[in-house]
Amino acid sequence: LKPVTAADLFETIGRVLAPTEVEIPTSAAPTTRSLPQEPLSILLAEDNLVNQRLALRLLERRGHRVTLANDGVEAVAAFEQGTFDVILMDVQMPVLDGFGATARIREIQARRGTHVPIIALTAHAMRGDRERCLAGGMDGYCSKPINAQELFAAIDAARSLQPTQAG
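Source: prediction; values computed, not measured.

## A look at the overall build of the chain
A count of helical and extended segments in the chain gives six helices and five strands. Within the span of the chain, comprising 167 residues, buried residues form 42% of the whole. The contacts in the chain between residues at least 6 apart in sequence include a share of 65% that link residues at least 24 apart. When the accessible surface of the chain is totalled, it reaches about 9400 Å², and 54% of it is carbon and sulfur.

Following this line, the structure appears as structure tokens:
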């Protein structure tokens with residue numbers, strides 16, 4: 001109902017993008033999507049409050065543990081201190097953007113001999129943006145506004161491409 005409050009709008013968007021029930025086909029074998037997944041430790045580097053809240057809600061509904069970084073510098077610091085299965089990296093952030101943060105994280109990983117998938121989160125959905133993110137050291141790409149199916153597909157694809165050694 002109007003006037004719409006921010007809390008009501010956020011709750012409605014969350015319900016639409018992340019339904020609480022997953023349908024399991026009855027006539028066919030369960031699909032990967034319908035099987036329960038192991039909770040992941042995810043570093044979310046995102047400076048926009050609305051995107052933070054939406055991503056947190058989607059990820060936590062799936063049982064994942066999320067560490068939030070508000071910019072690239074915080075993301076690098078959190079990575080150095082924590083152990084993560086996946087990193088969701090906003091491309092445009094203040095202080096240090098997603099490309100710079102990814103480069104620093106890849107340098108740390110090269111010294112450690114580890115590799116954690118990094119998925120770009122970006123409003124850039126123009127031709128060539130995906131390739132630019134991949135060339136910048138990211139393993140996957142998810143456009144904004146965040147779509148739950150696209151986000152989880154990107155996480156699954158990035159994790160299946162490479163064996164992860166969280167670090």
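## Some details on the nonpolar core
Formed by 23 residues in total, the largest nonpolar core has its most connected members in Leu43, Phe79, Ile87, Met89, Ile105, Cys133 and Met138. Contributing elements (two or more residues each) for this core: β1 (41–45), α3 (72–81), β3 (86–90), α4 (98–112) and β4 (118–122).

## Quick look at the pairing of β1
A large share of β1 lies buried, amounting to five of its five residues. Because side chains alternate across β1, one face comprises the buried residues Ser41, Leu43 and Ala45, and the other comprises Ile42 and Leu44, equally buried. Sheet analysis places β1 next to strand β2 (residues 65–69), joined by five bridges and oriented parallel. Bridge assignment links isoleucine 42 to a residue of β2, and that residue is valine 66. Of the crossover connections in this fold, the one passing from β1 over helix α2 (residues 49–61) to the parallel β2 is right-handed.

## A closer look at the packing of aromatic side chains
If you walk through the whole model with that rule in mind, you get zero aromatic pairs. We note arginine 62 situated over the ring of phenylalanine 152; from NZ or CZ to the ring centre the distance is 3.8 Å.

## Regarding the pairing of β4
Summarising burial for β4: five of the five residues are buried, a large majority. Pairing of β3 with β4 involves four bridges; the strand directions are parallel. Bridge pairing links methionine 89 to alanine 120 in β4. Considered for its hand, the β-α-β crossover made up of β3, α4 and β4 is right-handed. Two elements, β4 and strand β5 (residues 140–143), share four bridges in a ladder whose sense is parallel. Looking across to β5, one finds that leucine 121 is bridged to cysteine 142.

## Side note on unusual backbone geometry
Of the consecutive residues lysine 144 and proline 145, the connecting peptide bond is found in the cis state with omega at 5°. Following the sequence through the fold, proline 145 ends up in the loop between β5 and α6 (148–161). Despite not being glycine, valine 95 shows a phi value in the positive range, around 70°. For valine 95, the position within the fold is in the loop between β3 and α4. Valine 95 gets classed as exposed once you look at its relative accessible area, which sits at 68%.

The rules we used
Residues numbered from 1 in each chain as written. Predicted model: local features only at pLDDT ≥ 70, side-chain atom pairs only at ≥ 80, totals over all residues. Heavy atoms only, no water. Helix = DSSP H or I, 4+ residues; strand = E, 2+ residues; numbered from the N terminus. Buried < 20%, exposed > 50% of the residue type's maximum accessible area, 1.4 Å probe, protein only. Contact = heavy atoms within 4.5 Å. Areas by Shrake-Rupley, 256 points an atom, 1.4 Å probe, with all protein chains shown as cover. Core = buried A, V, L, I, M, F, W, Y, C linked by side-chain atoms within 4.5 Å. Pairing = 2+ DSSP bridges. Right-handed = clockwise from strand over helix to strand, strands pointing away. Phe/Tyr/Trp six-rings, centres within 6.5 Å; stacked < 30°, edge-to-face > 60°. Lys NZ or Arg CZ within 6 Å of the ring centre and 35° of its normal.

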